[in-house]
Amino acid sequence: MNIISQIMLPKIFQHPGKGIDVRRRKIWDMYGPQTHLEECAVSPNDLYPAADWLIGNHSDELTPWIPVVAARSSYSCCYFVLPCCFFDFHGKYNRKQSKKTQYREYLDFVTEVGLICGFNVEEDCLRIPSTKRVCLIGKSRTYLTTQSAALDDQRIRYINSRRCCSVTVPGEVEGLCQSERRLAANPSVGLGAGREVLENADVERALISGFQPRRKERVRNCTALPQDFVDGVVMKVAGLLLSGLQDLSETSGAWSRGESLTLSEIAAHLNEDTLKRLRNECGGLQTLLRNKHQVFEVVSGRVHIRDWREEKLSSRKKPGMTKTHLCWFDMHHPHGCPLTSECCSYAHGIKELRPHQHMPKKSQAKC
């Protein structure tokens, strides 16, 4: 459940929405304070009694749980789910047959979950640039509101049967799965059979037993590293690339980018503590240097000091986004910045700094 709820609900259903994602996305900055977005993990025990719709957009581990959460939230709650990665209730989804594609089999499984939860499940294909574009929608129920409590027991038995199916138990597992298939075909069977209905606390314990919710993801693209650590690496690498510049400046007054080195050659000059810290990040040293786009250029494993005179105008910052950061070359390069202050996208001194402005999102023309 993420930002799609904030986009779809107000424009299509005229409902205010709330987007939830396990990690904050850069695109969130494009939306104003009226957009309600939360960075947190979602558990199957999280219910939304005031919600009219639950939308699971590539919701990974939560995909089979979306119909369950919608059914337990309220009798009027509907759901929309766009399955992508193949997850069961308690782990990865295991294929049961080879006559269908894995994607088709998984869609049938999520459909079965919706039927077990008492929904009339509809299937549609979205016009989106993706190979996983089949969505499943539950808008109406197959049972009366007076039967809602009994559905909890049915859902628990089905979810437990899915957990058992991952363990080889002769006879018992097959019987459970066949029983739940009959429930999917006729969800009203067994609702009034005198079975004891579980209390809410027992329902919650039975539902999530074995479920491992995804924790808040740690950002590992070097952007969460301490700034003093990043600055230290940048200055160390820049010093290596510009080490021969002193002799060059005596014979020529021209601006120079210095030499180029391979990533392995640079790594050989970094201490072990720095390398160990970088190994914990995705892409390590290369990612950190590429993040410092203003200073470095990494091509085919070789690192250069960037020469902004060679950059195309289209690659420079757009109007309104310039002068929001200090120019590294103006402060640290022995020859200063290769561009004049008027041509440089970065501020030459504190007086030129401007506040960062969020550019308004361009509205697409309607057909």
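Here the structure is shown first, and the text comes after it.
Residues numbered from 1 in each chain as written. Predicted model: local features only at pLDDT ≥ 70, side-chain atom pairs only at ≥ 80, totals over all residues. Heavy atoms only, no water.

Asker: Where do I start with the sheet that holds strand β9 (residues 261-262) in this structure?
Answerer: Either a parallel or an antiparallel arrangement is found when strands of a sheet pair, and the pairing is made through backbone hydrogen bonds. Taken together, three strands build an open sheet; the order of strands is β9-β11-β10 and the sheet is antiparallel. Among the strands making up the open sheet, the edge pair consists of β9 and β10 (296-299). Pairing geometry for β10 and strand β11 (residues 302-305), over four bridges, is antiparallel. Looking at the pairing, Val298 lines up with Val303 of β11. (Pairing = 2+ DSSP bridges. Helix = DSSP H or I, 4+ residues; strand = E, 2+ residues; numbered from the N terminus.)

Asker: Explain the environment of Pro16 to me, please; I cannot follow it from the model alone.
Answerer: Tracing the sequence through the fold places Pro16 in the loop between α1 (3-13) and β1 (18-21). Taking the C-alpha atoms as reference points, Pro16 and Gln34, 18 residues apart in sequence, are found 9.8 Å from one another.

Asker: I tried to follow the nonpolar core on my own but got confused; where do I start?
Answerer: Most often, soluble globular proteins have nonpolar side chains that are buried together. Ranked by internal contacts, the top residues of the largest apolar core, which has 34 residues, are Leu285, Leu288, Leu289, Phe296, Val303, Ile305 and Phe329. Looking at this core, the element that brings in the most residues is helix α7 (residues 227-241), giving eight residues. When neighbours within four sequence positions are excluded, Leu288 is seen to be in contact with Cys222, Leu225, Phe229, Val230, Val233, Val234 and Leu278. Membership of the second largest hydrophobic core comes to 32 residues, among which are Cys77, Tyr79, Tyr106 and Ile159. (Core = buried A, V, L, I, M, F, W, Y, C linked by side-chain atoms within 4.5 Å. Buried < 20%, exposed > 50% of the residue type's maximum accessible area, 1.4 Å probe, protein only. Contact = heavy atoms within 4.5 Å.)

Asker: Which parts of the structure should I look at to understand the sheet that holds strand β3 (residues 53-57)?
Answerer: On the basis of which strands lie adjacent, the open sheet formed by four strands has the order β3-β4-β8-β7 and mixed pairing. Here the strands that pair on one side only, and so sit at the sheet edges, are β3 and β7 (119-125). Neighbour to neighbour, the strand axes of the sheet diverge by 15° on average, direction disregarded. Pairing of β7 with strand β8 (residues 134-141) involves seven bridges; the strand directions are antiparallel. From the neighbouring strand, Asn120 faces β8, where its bridge partner is Ser140. Helix α2 (residues 65-73) contacts β3, β4 (78-82), β7 and β8 of the sheet and is inclined by roughly 170° relative to β4. (Axes fitted to C-alpha atoms, helices over the stretch in contact; angles between N-to-C directions.)

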